[in-house]
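# Residue-level structural notes
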Amino acid sequence: MDICITHNGPILDIQLTRPDAKNALNQAMYHTLADTINHANLSPETRVIVLRGLPEIFCGGNDMQDFVAISQGMADFHGERFMKSLVECETPIVASVSGPAIGIGTTMLQFVDVVYCSPSAIFKTPFVHLGLCPEMASSTEFAKIVGLRKAKEMLLLGMPMTAEEALALGFINQINQTPDDLAFQCAEQISQLPPKAMQISKRMLSQQDKARLLTTIEDENVELIKRIRSDEAKEAVSVFLEKRPAKFS
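Anyway, here's the lowdown on the structure attached to this text.

Here is what the cut-offs are and how they apply
Residues numbered from 1 in each chain as written. Predicted model: local features only at pLDDT ≥ 70, side-chain atom pairs only at ≥ 80, totals over all residues. Heavy atoms only, no water. Helix = DSSP H or I, 4+ residues; strand = E, 2+ residues; numbered from the N terminus. Rg over C-alpha atoms; globule rule 2.2 N^0.38 Å. Buried < 20%, exposed > 50% of the residue type's maximum accessible area, 1.4 Å probe, protein only. Contact = heavy atoms within 4.5 Å. Areas by Shrake-Rupley, 256 points an atom, 1.4 Å probe, with all protein chains shown as cover. Phe/Tyr/Trp six-rings, centres within 6.5 Å; stacked < 30°, edge-to-face > 60°. Axes fitted to C-alpha atoms, helices over the stretch in contact; angles between N-to-C directions. Parallel < 35°, antiparallel > 145°, perpendicular 65-115°, else oblique. Nonpolar A, V, L, I, M, F, W, Y, C, P; charged D, E, K, R; others polar.

## Looking at the overall build of the chain
Helix and strand counts for the chain stand at eleven helices and nine strands. Relative to its length of 249 residues, the chain is compact, with a C-alpha radius of gyration of 17 Å against a globular reference of 18 Å. Dimensions of the chain, computed from C-alpha atoms along their principal axes, come out at roughly 60 × 35 × 35 Å. By the burial criterion, 50% of the 249 residues in the chain qualify as buried. For the chain, long-range pairs separated by at least 24 residues make up 73% of all intrachain contacts whose partners lie at least 6 apart in sequence. Surface accessibility of the chain: about 11600 Å² in total, with carbon and sulfur atoms responsible for 57%.

Shown next, in the form of structure tokens:
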């Protein structure tokens, strides 16, 4: 099972559990995540979502084999659905991050409400290195959180952001040796608060134009698919998979 979903009363625990692929997300996982989050958002029984990975890795980004399949003509059936589910979710989401958060592992955190991470957490968006472009509305939203200079350093150069940097820049809430424990403590606190007031308050704090965000995601993904199918990206992905020097023309 690549995703473990557990209902603990009003708390929905979503854990990425695909260690053999470094918690990389494939189409089946995107499908499960989107359906789970959308269902939770409509369920009055679910008052808070905890999103976490494994102690050694949060998320390794998109599955490279999916990139290969998309480059050969497969449609991206569920990745965009997952992205939109996070933007549209009015149920509070608490994330726990340990180890690397790569690509969408980082950009998804733009749309959760509270983030705890371990000292080992590291955030990286190597899109250009793979011949790709920003996704998950990171082209417009990421700089609003970490600042334009850091956003360009990460989105253009693929430079990492450490846990300490993430805390200083306001991308996360706290560093702790046991972030899962903090996430569940926070979730328990949220679950005991008035749910309607919580949802309305989250909506008021998230005053971004959702229609604009969803359109941005769609526009980015159109370009992303073009990039995945480009010769440049095919070479970059082959370089990654084959561990060889690149030959860009």
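## A short note on the packing of aromatic side chains
The final tally for this structure, using the stated rule, is three aromatic pairs. A ring pair is formed by F123 and F171, whose centres lie 5.5 Å apart and whose planes are at 80 degrees; its orientation type is edge-to-face. Taken as a pair, F123 in strand β7 (residues 122-124) and F171 in the loop between α7 (163-168) and β9 (174-175) lie far apart in primary sequence, 48 residues in all. Here F123 matches F171 in class, with each residue buried. A ring pair is formed by F142 and F171, whose centres lie 5.6 Å apart and whose planes are at 85 degrees; its orientation type is edge-to-face. Here the residue F142 occupies a position in helix α5 (residues 138-146), and F171 occupies one in the loop between α7 and β9, the gap between them amounting to 29 residues.

## Remarks on the packing of α5 against helix α10 (residues 210-228)
At a closest axis distance of 10 Å, the pairing of α5 and α10 adopts a crossing angle of 120 degrees. One way to sum up the angle between α5 and α10 is to call them oblique. Contacts between α5 and α10 pair S138, S139, T140, E141 and K144 from the former with R212, L213, T216 and E220 from the latter. Among the residues forming the contact of α5 with α10, the class breakdown is one nonpolar, four polar and four charged.

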